[in-house]
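Architecture at a glance
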Amino acid sequence: MSSFEANTEINMKLIIIGLLVFFGMVFFVDLQPGKPEVTYTAAIAVLMAFWWVTEALPIGITSLLPIILFPMLGVLDGKAISNAYINYVIFLFIGGFIMALAMEKWELHKRIALKILSIVGGSPFRIMLGFMLASAFLSMWMSNTATAMMMLPIAFSVTAALEEVYGEGKISSFAAGLLLSIAHACSIGGIATLVGTPPNLSFLRIFQIIYPGAPEISFGQWITFAFPITVMIFVFSLFLLYYTYRPKGKIEKLDASFFTDKYKALGKVSAEQKRVFVLFVSLALLWVFRSNLNLGFTIIPGWSSLFENPKYLNDGTVAIFIAMLLFIVPSTKKKQALVGWKIMIKLPWHIVFLFGGGFALAKGFIDSGLSNYVGGLLSGTKDMSPVALVATLTTMMSTLTEFTSNTATTEMMLPIISGLATEIKVNPLLIMIPVTLAASMAFMLPIATPPNAIVFGTGKLKISQMIKTGIIIDIFATIIIVIMTIVWGTIIFDIDPTVYPEWAEHAVKAIKH
């Protein structure tokens, strides 16, 4: 689950520059004569994008601009835009993050990581495999940033032990590769689940806002589609990183007891860890099997069908149910549950507001007609084949997200992508899903993702090292996403690349009326 620390500083120069551009567009630009709301929405989007990317203001505060500007400029009613800030996707994120914080509080995440390493560790290759497995698995459910921060000290202790035995000269290259493997595995694991990284949740809600009549995309559907992609990119990255940064000369296996001793140092599994683990597994299973799972060759019925109105239940319902149990199930401390209200302070509220701001902006894009306007500018792509179209947009997003916040970029791009789908009459899912995945596939630069920044901040990596392997993984990931979307995604999400679905047509007609 991607996350980043909230910036608390302001930059007055950047604030003023953003406002000058905003007012310049409002007073001196007319994108579509007779429809000033198109220009106003574009001006709001440019201002938000500029302040988001530069962090002139804290990200969460910038995200509140739609509540002020859309009503003032007459684009949307204040009540309507405020509703975008609270929905089931927000509660899905909050519930998932409470679980992650509960695991962190009782050090269950550390126990899981060390257990994986104690099973697979030993040779340098197996050590890298262990670190990547632990990082990718944890990142499927909790913050990428927290996962990377937790894995770093373990990585340092491993490299220190290797340096002590074999000398720094033989290990320096492998140590760099190990740090990169942690950062990359966090990003790769995050795309496997809907809660694994914010762009996935942004897509889920924006898709629902634009196409309210579309079939629901469930947690189970997503993991069925995205997990094979995660596995393929994971395996490729593992071998690439190992053979690029393997130790110089022959290295014997690290003593098998190294990770086992560290695991034993955690002491016995506590009652709280057992209870949190049971709830964690329950959450994962309830998410995966809530609605029917179409595997292509068979359909597994979901448990929600046991209820009278299964459509009333969603993944946010499940997340809050398990989160509430964390506040109810007792710990061994008298009159205390597994988590208390104080844990809510640790929730990244700036990300919650960022989601809301993105959803509000998406609503403005659609209702004002801006997404169709921009889509019309891109209508030249209508002559492309489905594969070429998906490849072009996925590559564009993968490149863009190297330099900008993946969540903010996703929330800016998806309404435009939906407008393009309307213009060229292609199933919106065919291009929105791969673009969403590409937003998390940024491996080249320190600024691209929080895990990249964290491992670069250790001072043990050069940007040239990150680019050397990062660009290859970027290219491979883009190819895999494109192929899997066309081959596997069309089955899982029932997409016919040659047909513009009825639910999309209805959404377009509803906007026009």
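The rules behind the values
Residues numbered from 1 in each chain as written. Predicted model: local features only at pLDDT ≥ 70, side-chain atom pairs only at ≥ 80, totals over all residues. Heavy atoms only, no water. 1 Å grid on protein atoms, 1.4 Å probe; cavity = no way out; pocket = protein on both sides within 12 Å on 5 of 7 lines; lining within 4 Å. Points joined across faces, edges and corners; volume = space filled by probe spheres on them. Helix = DSSP H or I, 4+ residues; strand = E, 2+ residues; numbered from the N terminus. Nonpolar A, V, L, I, M, F, W, Y, C, P; charged D, E, K, R; others polar. Phe/Tyr/Trp six-rings, centres within 6.5 Å; stacked < 30°, edge-to-face > 60°. Buried < 20%, exposed > 50% of the residue type's maximum accessible area, 1.4 Å probe, protein only. Lys NZ or Arg CZ within 6 Å of the ring centre and 35° of its normal. Salt bridge = Lys/Arg side-chain N within 4 Å of Asp/Glu carboxyl O. Expected span 1.5 Å × (residues − 1).

Once that is clear, we can look at the layout of surface pockets. One water molecule sets the probe size; rolling that probe over the atoms shows where empty space is left. A volume near 930 Å³ is recorded for the largest pocket. Looking at the largest pocket, it is lined by 34 residues, and the ones nearest its centre are Ala214, Pro215, Glu216, Ile217 and Gln221. At the level of elements, helix H11 (198-210) and helix H22 (463-492) are the ones that each hand at least two residues to the lining of the largest pocket. Looking at which element gives the most residues to the lining of the largest pocket, the answer is H11, with three residues. Here the residues of the lining of the largest pocket are counted per class, giving 19 nonpolar, 10 polar and five charged.

As a further point, take the packing of aromatic side chains. In total, this model carries 21 aromatic pairs according to the counting rule given. Judged by centre distance (6.2 Å) and plane angle (90°), the ring pair of Phe137 and Phe280 falls under edge-to-face. Here Phe137 is found in helix H8 (residues 124-139), whereas its partner Phe280 is found in helix H14 (residues 271-288), with 143 residues between them in sequence. Judged by relative accessible area, which is 30%, Phe137 ranks as partly exposed. Following the ring pairs from residue to residue traces out a cluster consisting of Phe203, Phe207, Tyr211, Trp222, Phe225, Phe493 and Trp503. The side chain of Arg111 reaches across the aromatic face of Tyr263, ending 5.1 Å from its centre. A cation over a ring is seen here: Lys115 above Tyr263, with NZ or CZ 4.9 Å from the ring centre.

This part takes up the pattern of salt bridges. This structure, assessed with the given rule, holds four salt bridges. A salt bridge links Lys110 to Glu107; the nearest nitrogen and oxygen atoms lie 3.6 Å apart. According to the relative accessible area criterion, Glu107 is partly exposed, its value standing at 36%. The residue Asp367 makes a salt bridge to Lys363 at a minimum N-O spacing of 3.4 Å. Taken together, the residues span about one helical turn, with Asp367 and Lys363 both in helix H16 (residues 349-368) at a distance of four residues. On the basis of relative accessible area, Asp367 is assigned to the partly exposed category, the value being 40%.

What sets the pattern is the α-helix's 3.6 residues per turn: residues three or four places apart point alike. Taking 1.5 Å of rise per residue, the 16 residues of H8 would be expected to cover 22 Å, and the 22 Å separating its terminal C-alpha atoms lies within 8% of that figure. Listing the buried residues of H8 in full gives Pro124, Ile127, Met128, Gly130, Phe131, Met132, Ala134, Ser135, Ala136, Leu138 and Ser139.

Function cannot be inferred from these measures alone, as they are strictly geometric.
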